[in-house]
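Inside the fold
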Amino acid sequence: MMLLLLYLMAKNHRPIVSSRAPSDSVTAYAPTTNVQCPDLSTTSLIRSFSPQNQTLHPGEQAYVSTREKTTILQAWKDWLGDGSALGYNLANFTSPFPRVAITIPGGGLRAAQYGASSLLVLDARNVSSKAAGTGGLLQVASYMAGLSGGSWITGSLLFNNFPTLDDLVFGNGKDLDGWLLDIPFVTPDGDNLLSDKNQDFFGSILWSVISKANQGIDTSLTDVWSRMISYHFLNQTSRSNFFTNDTGHGAGQLWSDIPLIPAYQAHLTPFPIVVADSRPSNSNSTGILSLDSVVYEITPLELASYDPFLSSGMNLTFAGTHLDGGRSLNGSACVIGFDQAGFIMGSSASLFNQILDFGTNTLSQFSSSDSTGLLYLLQRQLREVRTRANDVANWPNPFQGQASASFQDTDATWINLIDGASNQENTPYGPLLVNARNIDVIVALEGSADDPVNNWPNGTSLIFSNQRQINFLQKSHKKVPPIPFTADDFIATGVNARPTFFGCDPSSSDDYPLIIYLPNAPPITGDNPSTKSVIWSLG
């Protein structure tokens, strides 16, 4: 029987701790195999639809609908008051309010910090933001989508029960210890890999990964990275227990258990979506993906793709189960517990296919000490357990046999998930353009480092999302509103350097959302770029 995961709750946004045995052990990272599958004669683990007849997961639809009728309706009233300050009388407003979504970009720790600082400005619980008029936009959002570093803050907000952003990042001196960003991710005790504390940390990381491999599920360097992310963004790690195994450091926390979190149950949080790209199973590419590669989204309910190539979703509780034609390849045996929260965030941030050079045994885009530490752990991992593709997140393919004429991995037993920006869509517009979601406004927190000189955005992500929609997603996704055609046009018009509204004054035949584009860029007054200084001081 499937083990139900319960959460221990406490007051005032106390972190959630999974009670899945043994939740206090790093070995809780291991999925449970040979679990009796649901009766597939009466239910299905796969939800299929067509681009022309899209459907949302019933649980998603119910959550968003209930939130909009309750907490969001009140949040609009709290934010706008009677509307007189804007020249309106909201008492005469009878139509539904716009459906709003927020994107949080990729870019590792920089993106997570930019996302956190931006959300702080949009949060009604921040007194100064409320006074400035921006605080409240977070509360009226129906959706929140993140990838790579944006997935880290998405997961961190949920698994810490949706606290204020200050408390989330810096801790509150009580039940939240913060992200502990002064402690390095890979070598927390400094550059000496053989120090006692680093060896204790490495041993705990490997113990988690080995426990997963011992269940017969292939692992990779992404699993190591996922466990390191968990120490900072989930909620069982403090400064005092960082180098101990007194807790599982989030190892037993599952993405499919988000609906058990009190803030989610009270409909206080936007519906969360995390994005990952997929490298075709027959490819060993180390470059940028083509725009026709399948993009996946991971919600608390399912692993899905609304791309017309696939148009299917898999029950997330049973992710990790090999399915062919919707049925388990292992008879009636299924897998649960594969959707470990850190592994979801790690899958969305798995860029190793582009930065891991097996020939020279080097990792680019990491500091020298981090690169040395990750390669050291990979070597130890390869000596201990079976791996498959070391440079991707290995997911058993639940969609084998689906959409045989168009799905790139219809014959594969595994899918290779990698960083959600691998096709150059560094900001996750795609899920928010899905027709069935019917989103009216996308608030795009654009923190990309496109400009190689100054590391500011230049519109690349939105340009590629527009190209992907035009070339491949016209049947399944809304259009992108009119935007500058090239990165040079973004710069020449200055829209990469200031908040911009794309899609104002559409004609009656236009069907695209309004995009509120908020780039991380230096002040147009010429003052010092405060966001950049904040990022470096925290890093």
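Residues numbered from 1 in each chain as written. Predicted model: local features only at pLDDT ≥ 70, side-chain atom pairs only at ≥ 80, totals over all residues. Heavy atoms only, no water.

As for the pattern of salt bridges
Rule in force here: Criterion for a salt bridge: a side-chain nitrogen of Lys or Arg within 4 Å of a carboxyl oxygen of Asp or Glu. Comment: elements are numbered from the N terminus, with helices defined as DSSP H or I runs of at least four residues and strands as E runs of at least two. Burial classes: relative accessible area under 20% of the type maximum marks a residue as buried, over 50% as exposed, and values in between as partly exposed (1.4 Å probe, protein chains only).
As enumerated under the stated definition, the model contains 11 salt bridges in all. With a closest N to O distance of 2.8 Å, Lys212 and Asp223 form a salt bridge. Remark: Asp223 occurs in helix 8 (residues 221–233) and Lys212 occurs in helix 7 (residues 196–213); sequence separation between them is 11 residues. For Arg279, the salt bridge is made with Asp391, and the minimal N-O distance between the two is 3.2 Å. You can see Arg279 sitting in strand 7 (residues 271–279) and its partner Asp391 sitting in the loop between helix 12 (368–384) and strand 16 (393–396), a full 112 residues away along the chain. Of the two residues, Arg279 and Asp391, both sit in the buried class. Connected via shared salt-bridge partners are Glu60, Glu297 and Arg437.

Considering helix 1 (residues 58–69)
Selection criterion: For a helix, the expected span equals 1.5 Å multiplied by the residue count minus one. Throughout, the arc means the angular range of directions from the helix axis out to the C-beta atoms. Contacts were defined at the residue level, with two residues in contact if any of their heavy atoms lie within 4.5 Å.
Under the 1.5 Å per step criterion, the end-to-end length of helix 1 is 16 Å for 12 residues, consistent within 8% with the ideal 16 Å. When helix 1 is considered as a whole, its buried residues turn out to be Glu60, Tyr63, Val64 and Arg67. End-on view of helix 1: buried residues confined to an arc of 90°, all on one side of the axis. Exposed side of helix 1, more than 90 degrees from the buried face: Pro58 and Lys69 are the residues found there. Where helix 1 is buried, its residues meet helix 2 (71–80), strand 6 (141–147), helix 9 (262–265) and strand 7.

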